[in-house]
Amino acid sequence: MKSYKKGHELDELAKIWLDDDNIFYVWGAAIAGTKFLRQYKDEICIRKVFDSDPEKQGKMLEDREIVRFDQNCMEPGSKIIVCTNFYREVKQELLRYGFKENIDFIERKKFKGIRYYYNENKVYLYRVDLSVTNKCTLRCEKCNMLMPYFHAPQHKSLETIKQDLDMLFRWVDVVELFDILGGEPLLYPDLVELLQYIKEHYQEKIEAIHMFTNGTCNLNEELLRISREMSIIYDISDYTQELPQLTERVDEFESKLQEHKIVVNRDKQKIWLDFGYPEVNHEDYPEEKRIAHFHGCEATFRGLYDKKLYYCHLEASAVQAGLFEESEDDFVELDKLSEENKIEVVELDQGYSKKGYPGFCLRCDGCGSKKRIPVAKQKGKG
């Protein structure tokens, strides 16, 4: 979205969504909806929960009835807060019924960002990604963090990462998902020390920490200990369909985590989105199409790098690799903020910028890409 009144872009939305007389319906009775209800059921007026699953309909969730969506059963003037990872699909359905985005319905992350700031003077971010290393155990051609394009992969300095974290949490009060990734983060030699630093200084500001890994590294006892202490969730990107030779290693990796009672999600990936780099170039798009392309992506991941918060972690990675020269409009410089303008972090998170899109959008097909490719095809192999 184009920014026209920096520092005040969300004022009108706050008036719409924070009115004490609002009546709400929550869309989604799964994990996100449950979490949202637990947090807000006593603070705002939530009538019912919409869900398309017939097995859930007629049941109760946090004392609210789960029903099939029917606009005719909604009270006049009421609004919908969409609490599902399938926001894109729900949005299209609601638009077909004549509902207006951000007026009649809103994505829960946007609602929470507005509510935290305008009601509590706090900065909330849904997801922040921290890449600790550009080294990896694999060489995937279409890695969405662009690892094959790092000509001299290296680990980040621990002190530099600490400074980035200090800058981020100087202004940010709540991060719902904090993701540690790479490359392959388990290659990072200072990983335990980094986790200890987060535990001692910032864990109370983080709702969940995720470790993104391909499951091919060894797990030492110190890492297992602190991972369990911090309730870190390990997300294994399982590429064994394309690379069956990794199966035994990934199985052992998963078992080790389970033995230590560490939560692990194993995603056996069958296809990837092709984000398009380096072939894609959208520089011939007119301005309106560039903005529409950005809105079609709806990326949820912010990137932390060099004391800057980037709207898109892919762009942060591209900058690190020297593939792209960003403009000042693509990030917030955390070390130049003050109490008076910290809302710029919230505005960036909600997609506002002078251009109306991050610069790297012109080299990327985004999360709305229609291209599907084989998982983890290794560079240099046919």
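For the structure, check the block above.
Rules and cut-offs
- Residues numbered from 1 in each chain as written.
- Predicted model: local features only at pLDDT ≥ 70, side-chain atom pairs only at ≥ 80, totals over all residues.
- Heavy atoms only, no water.
- Pairing = 2+ DSSP bridges.
- Helix = DSSP H or I, 4+ residues; strand = E, 2+ residues; numbered from the N terminus.
- Axes fitted to C-alpha atoms, helices over the stretch in contact; angles between N-to-C directions.
- Parallel < 35°, antiparallel > 145°, perpendicular 65-115°, else oblique.
- Left-handed = near helix turned anticlockwise from the far one by under 90°.
- Contact = heavy atoms within 4.5 Å.
- Nonpolar A, V, L, I, M, F, W, Y, C, P; charged D, E, K, R; others polar.
- Disulfide = S-S within 2.5 Å.
- Buried < 20%, exposed > 50% of the residue type's maximum accessible area, 1.4 Å probe, protein only.
- Salt bridge = Lys/Arg side-chain N within 4 Å of Asp/Glu carboxyl O.
- Polar contact = N/O pair within 3.5 Å; in protein donor to acceptor, adjacent residues only side chain to side chain.
- Right-handed = clockwise from strand over helix to strand, strands pointing away.
- Arc of directions from axis to C-beta.
- Phe/Tyr/Trp six-rings, centres within 6.5 Å; stacked < 30°, edge-to-face > 60°.
- Lys NZ or Arg CZ within 6 Å of the ring centre and 35° of its normal.

**Q** Even after reading the chapter, I still don't get the sheet that holds strand β15 (residues 331-333), so can you show me in this structure?
**A** Strand pairing within a sheet occurs via backbone hydrogen bonds; the two strands may be parallel or antiparallel. Here 8 strands make up an open sheet; going across it, the order is β11-β10-β9-β8-β7-β13-β14-β15 and the pairing mixed. Since the sheet does not close on itself, it has two edges, and those belong to β11 (264-268) and β15, each with one partner. This sheet shows a mean twist of 25° between the axes of neighbouring strands, independent of strand direction. Where strand β8 (residues 174-181) meets strand β9 (residues 206-213), 5 bridges bridge the pair, whose relative direction is parallel. Along β9, the bridge assignment pairs D179 with H210.

**Q** Any chance you could explain the packing of helix α5 (residues 158-171) against helix α6 (residues 191-201) here in plain terms?
**A** When two helices pack together, their arrangement is given by the angle between their axes and by how far apart the axes lie. Axis separation between α5 and α6 bottoms out at 11 Å; the angle between their running directions is 20°. Classified by the angle between their axes, α5 and α6 sit roughly parallel to one another. The element α5 and its partner α6 pack so that their crossing is right-handed. Across the interface between the two elements, L158, I161, K162, L165 and D166 of α5 pack against E193, L194, Y197 and I198 of α6. Taken together, the residues of the contact of α5 with α6 sort by class into 6 nonpolar, no polar and 3 charged.

**Q** Got a minute to help me understand the state of the cysteines in this structure?
**A** Covalently bonding the sulfur atom of one cysteine to the sulfur atom of another cysteine gives a disulfide. In this structure the tally under the stated criterion is 0 disulfides. C83 forms no disulfide, and the closest cysteine sulfur to it belongs to C45, at a distance of 15 Å. Take C83: its relative accessible area is 2%, and that puts it in the buried class. For the unlinked cysteine C312, the closest cysteine sulfur is that of C364, found at 6.2 Å. Assessed through its relative accessible area of 14%, C312 is described here as buried.

**Q** Where do I start with the pattern of salt bridges in this structure?
**A** Close approach of charged atoms allows side chains with opposite charge to pair. Under the definition given, this model contains 35 salt bridges. A salt bridge links E43 to R115; its shortest N-O distance comes to 3.2 Å. Remark: R115 occurs in helix α4 (residues 108-120) and E43 occurs in the loop between α2 (31-40) and β2 (45-50); sequence separation between them is 72 residues. The buried category is assigned to R115, whose relative accessible area is 10%. Each of the salt bridges in this network shares a partner with another, and the network as a whole consists of K35, R108, K112, E176 and E207.

**Q** What should I look at first to understand unusual backbone geometry in this one?
**A** Peptide bonds are, in most cases, trans, and in most cases residues other than glycine have a negative phi. A cis geometry characterises the amide bond from G182 onward to G183, with omega recorded as 20°. Between Y277 and the following residue, P278, the backbone shows a cis peptide bond with an omega angle of 10°. Residue position: P278 is located in the loop between β12 (271-273) and α9 (287-295). Residues other than glycine seldom take positive phi values, yet N102 does so here, at roughly 70°. Structurally, N102 can be placed in the loop between α3 (87-96) and β6 (105-107).

**Q** Would you take a moment to explain helix α7 (residues 221-229) for this structure?
**A** Owing to its 3.6 residues per turn, the α-helix brings residues three or four apart onto one side. Those residues of α7 that fall on the buried side of the exposure criterion are L223, L224, I226 and S227. For α7, the N-terminal capping position is held by N220, with its side-chain oxygen 3.1 Å away from the main-chain nitrogen of E222. Positioned one or two residues after α7, S231 has a phi angle of 55°, which is positive.

**Q** I keep staring at the pairing of β11 and nothing clicks. Help me out?
**A** Every regular strand shows the same layout, with side chains that alternate between the two sheet faces. As paired strands, strand β10 (residues 233-238) and β11 are joined by 5 bridges and run parallel to one another. Within the sheet, the bridge partner assigned to Y234 lies in β11 and is V264. Note on the crossover from β10 through helix α8 (residues 247-259) to β11: the handedness is right-handed.

**Q** Help me understand the environment of E340 in this model?
**A** Tracing the backbone shows E340 in the loop between β15 and α11 (343-349). Owing to a relative accessible area of 67%, E340 belongs among the exposed residues under this scheme. Remark: the alpha-carbon pair of E340 and G303, spanning 37 residues in sequence, is separated by 23 Å.

**Q** Mind showing me how you'd approach α9 here?
**A** Listed as buried for α9 are R290, I291, H293 and F294. On an axial view of α9, the arc spanned by its buried residues comes to 155°, and they lie on one face.

**Q** Can you help me understand the packing of aromatic side chains in this one?
**A** For any pair of aromatic rings, the description consists of the separation of the ring centres together with the inter-plane angle of the planes. What the rule picks out here adds up to 25 aromatic pairs. By way of ring pairs, the aromatic residues Y25, W27, F50, F69, Y97 and F99 are connected into one cluster. Directly above the ring of Y285 sits K289, whose terminal nitrogen or CZ lies 4.3 Å from the centroid.

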